[in-house]
Structure formats: C-alpha cells, structure tokens
Amino acid sequence: MKLPSIFSRRRAAPAETKASGFFTLTAEGRAHWSSRSYASLSREGFMKNPIAHRAVRMIAEAAASVPWLAYEGESERPGDARLTLLSRPNGRMAGTDFFETLYGHLLLAGNAFVEGVRVGEDLRELHLLRPDRVRIVEGRDGWPEAYEYRTGNHVRRHRAGDGAAGEGQAILHLRLFHPLDDQLGFAPLEAASMALDLSNAAAIWNKALLDNSARPSGALVYQPKEGGNLSPDQYSRLKSELEDGYSGAARAGRPMLLEGGLDWKAMGLSPREMDFVEAKNGAARDIALAFGVPPMLIGVPGDATYANYQEANRAFWRLTVLPLVSRTAAAFANWFSEEGEAALRLVPDLDQVSGLAAERSELWARVGAAGFLTDEEKRRAVGY
C-alpha cells in the first residue's frame, strides 16, 4: 500500500495503517504561468531573467544612443529648441537616460507616457509616467477622453487632446501594436511569457537540485519481512532525519543510513529525457526572438543563424533598433507640431550610429565611385 509523501503535511489517519510500500518524494503538478501585468513581467523578466534583462538593455541603450535631426520642410534646424529640450528633458535626467527609460517602458509594457510641463506658452520639461500607474478614460465615442496618473492616494487627471502638445495635450502616449486593445499596446515580453517562465523554472530547478544535495527525487521503500506498521512518531522522525541530515549543499554526497527494512530508490528522469540544457537555450532563443535580438548577440550557444557577429549586429540595428527609433521620433514630431507652423520632422542621424559604420562606408565608396553623378546628387544619395 502506498504511503503519503514524506514531504506532505497530511498525517496518515489511523496509526495502524499498513506501512509496506514507498514514500514518494516527487509530486505530479501542472504548469503554472506567471501574471502578464507590467509589474509581473518586470519582476520575472527584467529583474530575474538574464536573457530578458540583456535584451531590453541592449535595445534601450542602443536606441537611446541615436541622435536626432530636426527638419522643417527641407531645411535642417540644428539649433531647434525642441532638440535642446530632448537633450535635457528635465532637471533629473539627461536625454540618454530619458530615452533609455522610455524604450524600457515600451518593451516591458507596450506603452510609454510622456508628460509635458508648460510655463506660459513654452514647453519646458518632459517627464515619464510609469505605465502601470496610468489609466486611460474613454469617452462615449470610444476615444481617449483623459489620462489619470495615480501615485498612492493622489490622482492627477490630464485631458486628452488631438495629439498636439501646443493645443492642450499634456500627455504623449506611445504604444506598440495590440490586435485586441484599442487604447493600450502589447509588450514584446508578453509574447515570450511562456518561454520566460520556462527559462526561470529551469534556473529554479537547478538551484533546488543543488540545495537538495544535487540528487534527483526518489522514494523510500519500506518492506518489512514480517509485516508491520509505521507509527506517526516513526513517520515524523523519518521525515525530520531526511530533511535535517541529507538535504542541502553542505551535506552533498553524505551516505544514507537506513534501518528497519528501508531502501532508497532513485526516481529521476535522465538528462536525455529532461534535456534541460537544450530546453533552456530554446527558451532563451524565444525570448530573444520576441524582442528582435539575434540570439548570438546575447550569447545563446548553438545559434548560427548569421554568418558572423557583424552581420548579426547589423540586422539588430536595421530590423529592431532603427524602426523603434524612427516611430518614436515621428510621434514626438507630431506631438511638438503646432497648428500653423511648418511640419516638423525628427529623423535619426544614421551617420552617428556606430553599429552601421561598415554599411555607411560601403555606401560612400559606391557613391564616390559613381562618376556620372554630380556632387549635389552624391550628397543627396548619402542623405545630405
């Protein structure tokens, strides 16, 4: 007859229960998935998982390092006041810190909220609002009517305008595409949440395995020759001796002394069956894929999608970083533009992107060798 698990909190009901059988040290369970909220994804992903942490940092830091150029029509405005504001948005943050946090919000929440502070008619400061503290109030027509920002018991309410900072719109809302939500964006990390849980679970499993003497789960088989009963006191003593004497890294390898017809039977799956290493690497690749980071840039072994590191780095900039920067610049340009002014364009300055230096050199070499082009045409071909 099978007895209750040694680690179970339930006692065997009558003291005379037949004790022949074995104590199971493993428990069959179901998969548990973490919450999909911003706070949960931040804790389980950015703060606990090295792959997600590195992917977010790589994208946010790379995107924040890209400078912007301002144009009105075809004319460049290098000294534009809005560029100055973006380089020093408020007294606590430099421009790089501001944008790194903004991109982090987008990647972890799918949303970023920027509050503009005006003094008179001038926009003087920009502040980031934590996404989980912002609530969008919808009007009867389904469009945003206001934004509420809650800190503790204090709530600030900002009306939602038509998108222009100069026309009363104090909040700029940037969001990533969400197919099922009209107002909020979809976080890349949420798409990889199952892979994230798998990666974290593998790390927890390995840590627990070390804490339990690096031994797989098993069973104590009790087979008395002439039959017998295991009293509640004997059960409690056996459980206490196992926990106190044979678990933990400091007791790894300690031989187990058994008596009274007890025998230890290991009950663990083989490494080939579990294949933890490959499962963990597969989860890491899925997380990197959701963010658009080539796995080899994060250090995931066994990934040879790209011929070399330089090609992977170029793909990272072209396919992930620059689209994110461009859409953010376009959103700020639209928000800054006021009615009656020439259309403002904010574009990334690709000449200052170190990750595209090789690509830029190839372009200049091809254009420079084109003798059929005039100097003016060559300048336009390279973006001047």
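Residues numbered from 1 in each chain as written. Predicted model: local features only at pLDDT ≥ 70, side-chain atom pairs only at ≥ 80, totals over all residues. Heavy atoms only, no water.

## Comments concerning the sheet that holds strand E8 (residues 154-159)
Here is the rule we go by: At least two DSSP bridges between two strands are required for those strands to pair. Per the convention used, a helix needs a DSSP run of H or I reaching at least four residues, while a strand needs a run of E reaching at least two, with both numbered from the N terminus. Working convention: axes come from line fits to C-alpha atoms, limited for helices to the stretch in contact. Angles between N-to-C directions cover 0 to 180 degrees.
Taken together, the three strands give an open sheet; going across it, the order is E6-E7-E8, and neighbouring strands pair in antiparallel fashion. Looking at strand neighbours, the two that pair on one side only are strand E6 (134-138) and E8, the edges of this open sheet. Neighbour-to-neighbour, the strand axes of the sheet open up by a mean angle of 25°, direction not taken into account. By the bridge criterion, five bridges tie E6 to strand E7 (residues 144-151) in an arrangement that is antiparallel. Looking at E7, one finds that Ile-136 is bridged to Tyr-147.

## Description of the pairing of strand E5 (residues 122-129)
In this sheet, E5 lies alongside strand E4 (residues 111-119) in antiparallel orientation, the contact comprising seven bridges. Across the sheet, residue Val-117 finds its bridge partner in E5, namely Glu-125. The hairpin formed by E4 and E5 contains two residues between the paired strands, and Gly-120 there has a positive phi angle of roughly 70°.

## Concerning the packing of aromatic side chains
Note the following rule: Each pair of aromatic rings taken from Phe, Tyr and Trp, with Trp reduced to its six-membered ring, is defined by centres within 6.5 Å and is described as stacked if the planes are under 30 degrees apart, edge-to-face if over 60, and tilted in the remaining cases. Exposure categories follow from relative accessible area, calculated using a 1.4 Å probe and restricted to protein chains: below 20% of the type maximum is buried, above 50% is exposed, and the middle band is partly exposed.
All told, the structure shown has 10 aromatic pairs when counted by the stated rule. Measuring from centroid to centroid gives 5.8 Å for Phe-332 and Phe-336, while their planes differ by 50°, and the two rings are tilted. Highlighted residues: Phe-332 and Phe-336, both in helix H11 (residues 309-336), separated by four residues, approximately one helical turn. When its relative accessible area of 4% is taken as the criterion, Phe-336 is described as buried. Through a chain of ring-to-ring contacts, three or more aromatic side chains come together here, namely Trp-68, Phe-98, Phe-99, Tyr-103, Phe-332, Trp-335 and Phe-336.

## Section: the nonpolar core
Going by this rule: Here, nonpolar core means buried Ala, Val, Leu, Ile, Met, Phe, Trp, Tyr and Cys residues that are tied together by side-chain atoms lying within 4.5 Å of each other. The contact rule is simple, with two residues in contact once any of their heavy atoms fall within 4.5 Å.
Trp-68, Leu-102, Tyr-103, Val-114, Phe-291, Phe-332 and Leu-346 are the most contacted members of the largest nonpolar core, which totals 63 residues. Sort the elements by how many residues they give to this core and H11 lands first, with 12 residues. Discounting chain neighbours no more than four positions away, the residues touching Phe-291 are Ala-52, Ala-55, Val-56, Ile-59, Leu-107, Pro-188, Leu-189 and Thr-320. The next biggest cluster of nonpolar side chains, apart from the first, holds eight residues, and it includes Phe-113, Val-134, Tyr-147 and Ile-171.

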